[in-house]
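This is what each chain is made of:
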Amino acid sequence: MVKEETHVKERIPAKRGNIKDDTYEKSKESLLMNHMLLTTEISEIAELLRELFVTMQKYLKEGYDEEEAFLMAKENISTDLGKEISDCLAYLCKIANFFEQDMENDFYSKMEEVKKRV
């Protein structure tokens, strides 16, 4: 489960409600739908990153130096990127809640694994 704070509900509300778990069929259908929606949001992030580099190239052609062009292009996508990341987090929370995962604990455990690799 998502770790609870005093001012936060146990299950983080996500877009279009939680994954249904009252029957196998509803669970399967809901999981597949959320999988599709999550991958759609991830592809929207990929599209914004592509847009970043396309816009950067446009600025370079206009005579801006590379760093300035990058920063301007980054600013152009920043708000939309934040929204898409939030959408992804909402779907990930729904999936974590369905599987009764503690996302905070899982995150820190994974980061400890990664530290040991480096």
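The sections below set out a description of the structure shown in this document. (Residues numbered from 1 in each chain as written. Predicted model: local features only at pLDDT ≥ 70, side-chain atom pairs only at ≥ 80, totals over all residues. Heavy atoms only, no water.)

A separate point is the packing of aromatic side chains. The geometry of an aromatic ring pair is captured by two quantities: the separation of the ring centres and the angle between the planes. In the structure shown here, the tally under the stated rule is three aromatic pairs. Between tyrosine 59 and tyrosine 64, the ring centres sit 5.7 Å apart and the planes meet at 80 degrees, which makes this aromatic pair edge-to-face. Overall, tyrosine 59 belongs to the buried group, its relative accessible area being 11%. Judged by relative accessible area, which is 32%, tyrosine 64 ranks as partly exposed. (Phe/Tyr/Trp six-rings, centres within 6.5 Å; stacked < 30°, edge-to-face > 60°. Buried < 20%, exposed > 50% of the residue type's maximum accessible area, 1.4 Å probe, protein only.)

This paragraph deals with the nonpolar core. Core analysis: the biggest nonpolar cluster contains 13 residues, and Ala73, Ile77 and Leu81 have the highest contact counts within it. Sorting the residues of this core by element identifies α1 (24–61) and α2 (66–98) as the ones contributing at least two each. Counting residues per element, this core draws most heavily on α1, at seven residues. Setting aside residues no more than four positions away along its own chain, leucine 81 makes contact with Ile45 and Leu48. (Core = buried A, V, L, I, M, F, W, Y, C linked by side-chain atoms within 4.5 Å. Helix = DSSP H or I, 4+ residues; strand = E, 2+ residues; numbered from the N terminus. Contact = heavy atoms within 4.5 Å.)

Considered as a void within the structure, the largest pocket measures approximately 170 Å³ in volume. Around the largest pocket, the lining is made up of 11 residues, and of these Lys20, Glu29, Ser30, Met33 and Asn34 lie nearest the centre. It is α1 that contributes the most residues to the lining of the largest pocket, six residues altogether. Each residue belonging to the lining of the largest pocket can be placed in one class, and the counts come to two nonpolar, four polar and five charged. (1 Å grid on protein atoms, 1.4 Å probe; cavity = no way out; pocket = protein on both sides within 12 Å on 5 of 7 lines; lining within 4 Å. Points joined across faces, edges and corners; volume = space filled by probe spheres on them. Nonpolar A, V, L, I, M, F, W, Y, C, P; charged D, E, K, R; others polar.)

Quick look at the pattern of salt bridges now. When their charged atoms lie close together, side chains carrying opposite charge are able to pair. Here the structure, examined in full by the defined rule, presents six salt bridges. Note that lysine 115 is salt-bridged to glutamate 112, the shortest N-O span being 3.3 Å. Taken together, the residues span about one helical turn, with lysine 115 and glutamate 112 both in helix α3 (residues 103–117) at a distance of three residues. A network of salt bridges, in which partner residues are shared, links Lys110, Glu113 and Arg117. (Salt bridge = Lys/Arg side-chain N within 4 Å of Asp/Glu carboxyl O.)

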